[in-house]
Amino acid sequence: MKASELRVKTTPEIKQELLELLRARFGMRMQIATQQSTKTSELGKLRKSIARAKTVLREKELQAGTK
């Protein structure tokens, strides 16, 4: 998901998306560890999506604090 798409969402929606991404990362890590999946590049994409969601959440926190 792009950052511009995340910025349109509300804070609870972003937190829900972040939770889903974290669960997906955990599942992917378990699949890779048990050799059920060979898509190791997906793990990097999930990590970047998680970072993007956290960044947008932080931006919203800072905006709310300055107003």
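Treat the numbers as computed from the prediction; the structure is a model and nothing was measured. (Residues numbered from 1 in each chain as written. Predicted model: local features only at pLDDT ≥ 70, side-chain atom pairs only at ≥ 80, totals over all residues. Heavy atoms only, no water.)

On average, the chain scores 92 in pLDDT, and the residues at 70 or more come to 99%. Taking the mean pLDDT of every element in the chain, the minimum, 90, falls on helix α1 (residues 3–8) and the maximum, 95, on helix α2 (residues 11–33). (pLDDT = per-residue confidence, 0-100. Helix = DSSP H or I, 4+ residues; strand = E, 2+ residues; numbered from the N terminus.)

Moving on: the environment of L6. By the secondary structure assignment, L6 is in helix α1. Sequence-wise, L6 and R52 are 46 residues apart; in three dimensions their C-alpha atoms are separated by 8.5 Å. Look past the residues within four positions of L6 in its chain and what remains in contact with it is M1, I14, E17, R52, A53, V56 and K60. (Contact = heavy atoms within 4.5 Å.)

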